[in-house]
Amino acid sequence: MNRTIHNELEEIRSHGLFRSTRLISGRQSARVMLSGLEVLLLCSNNYLGLAGHPALAEASIRAIERYGVSSGASRLVSGTMELHEQLEQAVTSFKKSESALVFNSGHAANTGIIPALVGRGDAVYSDRLNHASIVDGIRLSGARLFRYGHNDHLQLAGLMDRHGSSHGRSLIVTDGIFSMDGDMAPLVELVALKRKHDALLMVDDAHGSGVMGRQGRGSAELSGVADGVDIRMGTFGKALGSFGAYAAVSAELRELLVNRSRSFIFSTSLPPAVLAASLAALELVQSPEGDALRERLHANAAFFRKALLETGFMVPEGTSQIIPIITGNSDVTMRFSGALLEEGIFAQGIRPPTVPAGSCRIRFTAMATHRINDLEQAVTVIGKVGSRLGVV
Ligand SMILES: *Cc1c(COP(=O)(O)O)cnc(C)c1O
């Protein structure tokens with residue numbers, strides 16, 4: 001064996017791309033214990049603080065007492081329980097769709113849905129900055145891939161004019177809120193293009209669900225084009241504080257996904273505790289408490305974004321709770337996050353392959369549970385470290 005595991009690890013290290021996990025003790029909240037040290041958490045997707053919310057925890061406990069721990073089988077065998085159907089009903093009413101299907105995770109949804117919709121002879125149009133799980137789904141599908149520049153709907157229009165008619169089925173797929181940049185897809189333009197070319201449109205709203213639009217219905221709702229998006233996919237593991245994913249779709253599309261999505265068919269379905277937490281989360285985000293949490297989240301995000309810009313950082317355009325600062329190469333990025341950690345601020349440096357080479361960044365995320373003076377102090381520290389490393 002010439003290509004040893006050891007050499008491969010050395011190669012990852014030599015490129016400054018080595019990664020490892022970090023242990024958080026206790027419950028997810030605005031401040032957490034990291035390796036015995038209390039730090040301000042600025043890299044969690046628990047945007048509304050629901051991951052530690054008692055309403056979700058109590059719903060989970062009750063579900064375990066009533067239904068036990070596991071579903072015992074995949075959905076099409078004997079693993080469809082009352083809670084699966086209740087959650088799909090709740091998603092249908094939340095998204096005002098005709099129907100909905102629950103998946104085991106966002107990654108499983110994307111790798112299950114895309115190959116169910118397109119294959120050899122079909123075309124997929126994908127934003128260059130789409131999430132890795134979308135990229136994986138496209139690879140699995142075997143459809144012809146056309147990547148367009150980030151949010152560049154004019155380039156997409158050109159690609160579809162040239163190639164649209166030479167494929168059996170066409171799918172446009174995009175993040176709703178981009179996970180590493182925090183900006184929103186031009187959904188109005190994408191809906192117009194999908195109509196013009198008789199294509200399908202899929203929006204992955206992992207970061208918009210529970211956060212964007214009225215009652216947190218997502219970025220398509222915020223853009224006023226919910227009816228124009230064929231597959232509105234979202235996840236339960238981020239703002240909704242639970243785990244799993246959904247696709248809000250037509251009744252026919254749901255039937256197709258049930259019959260064709262391999263990640264749906266060949267995997268044990270979500271357990272009762274998780275389903276019950278997701279149900280409680282959907283109820284909560286549509287309640288006055290949900291409105292209040294969203295208001296705090298948006299206020300915190302706006303404050304933090306403005307303060308980082310005023311400090312002199314390069315922050316990509318956007319209005320969401322995802323607020324990256326561009327730092328350059330992976331070496332300076334990792335020194336940056338290391339220095340922040342020493343000052344009690346936990347934020348991840350993001351490197352290739354998560355983002356394109358040369359656009360390494362520290363990705364900060366605001367949460368409803370942050371206090372303004374915590375964020376204020378954090379910006380002071382981030383500014384100090386930034387000037388020391390020559391990033392400001
Ligand atoms: C997190 C994320 C996923 C994956 O969702 P999981 O439920 O964590 O597997 C998919 N798409 C986007 C845009 C994401 O940010």
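For the structure given in this document, a descriptive report is provided here. (Residues numbered from 1 in each chain as written. Predicted model: local features only at pLDDT ≥ 70, side-chain atom pairs only at ≥ 80, totals over all residues. Heavy atoms only, no water.)

**Quick word on the sheet that holds strand β3 (residues 37–41)**
What counts is decided by this rule: Pairing between two strands requires that DSSP report at least two bridges joining them. Segments assigned H or I by DSSP are reported as helices when at least four residues long, segments assigned E as strands when at least two residues long, and all are numbered from the N terminus.
With mixed pairing, the four strands of this open sheet are ordered in space as β1-β2-β3-β12. The open sheet is flanked by β1 (24–25) and β12 (345–346), the only strands paired with a single partner. Alignment of β3 against β12, held across two bridges, turns out to be parallel. Looking at β12, one finds that Leu41 is bridged to Phe346.

**Digging into the site of the ligand**
The following threshold applies: Put simply, a residue is near a molecule or strand once any heavy atom of it comes within 4 Å of that molecule or strand. Polar contacts, as counted here, are pairs of nitrogen or oxygen atoms within 3.5 Å of one another; within protein the pair requires one atom able to donate a hydrogen and one able to accept it, and residues that are adjacent in sequence qualify only if both atoms are side-chain atoms. For the area figures, the Shrake-Rupley method with a 1.4 Å probe applies, and any residue is considered shielded solely by the protein chains shown. Residues are called lining when one of their atoms sits within 4 Å of a cavity or pocket point, these points coming from a 1 Å grid over the protein atoms alone, where a cavity is a set in which a 1.4 Å probe fits but cannot get out and a pocket is an open set with protein on both sides within 12 Å along at least five of seven lines. A molecule is counted as occupying a cavity or pocket when more than half of its atoms fall within 2 Å of that pocket's grid points. Throughout this entry, Asp, Glu, Lys and Arg are counted as charged residues, while Ala, Val, Leu, Ile, Met, Phe, Trp, Tyr, Cys and Pro are counted as nonpolar. The remaining residues, Gly among them, count as polar.
Of all residues adjacent to the ligand, which total 13 residues, the nearest are Gly106, His107, Asp204, His207 and Lys238. Separating an oxygen atom of the ligand from a backbone N or O atom of Gly106 is a distance of 2.7 Å. Here His107 contributes a backbone N or O atom positioned 2.9 Å from an oxygen atom of the ligand. When the ligand is considered free in solution it has 380 Å² of accessible area, and contact with the protein chains removes 83% of it. Because more than half of its atoms lie within 2 Å of the grid, the ligand is assigned to the largest pocket. A class-by-class count of the residues in the shell around the ligand yields one nonpolar, nine polar and three charged.

**Section: the layout of surface pockets**
The condition that has to hold: Grid points are joined across faces, edges and corners, and a volume is the space filled by probe spheres set on the points. Boundaries between domains were set according to an automatic or database domain assignment.
Space inside the largest pocket adds up to approximately 1100 Å³. In this structure, the largest pocket is lined by 39 residues; those nearest its centre are Arg19, Asn45, Met180, Gln348 and Ile350. Elements supplying a minimum of two residues to the lining of the largest pocket: α4 (106–117), β9 (231–235), α13 (330–342) and β13 (348–350). In this structure, the second largest pocket encloses a volume near 440 Å³. Secondary structure elements with two or more residues in the lining of the second largest pocket: β5 (123–127), α5 (132–141) and β6 (144–148). With five residues, the single largest contributor to the lining of the second largest pocket is α5. The class makeup of the residues in the lining of the second largest pocket is ten nonpolar, five polar and seven charged. Structurally, the lining of the second largest pocket is a two-domain feature, drawing no fewer than three residues from each of domain 1 (18–47 + 288–389) and domain 2 (54–285).

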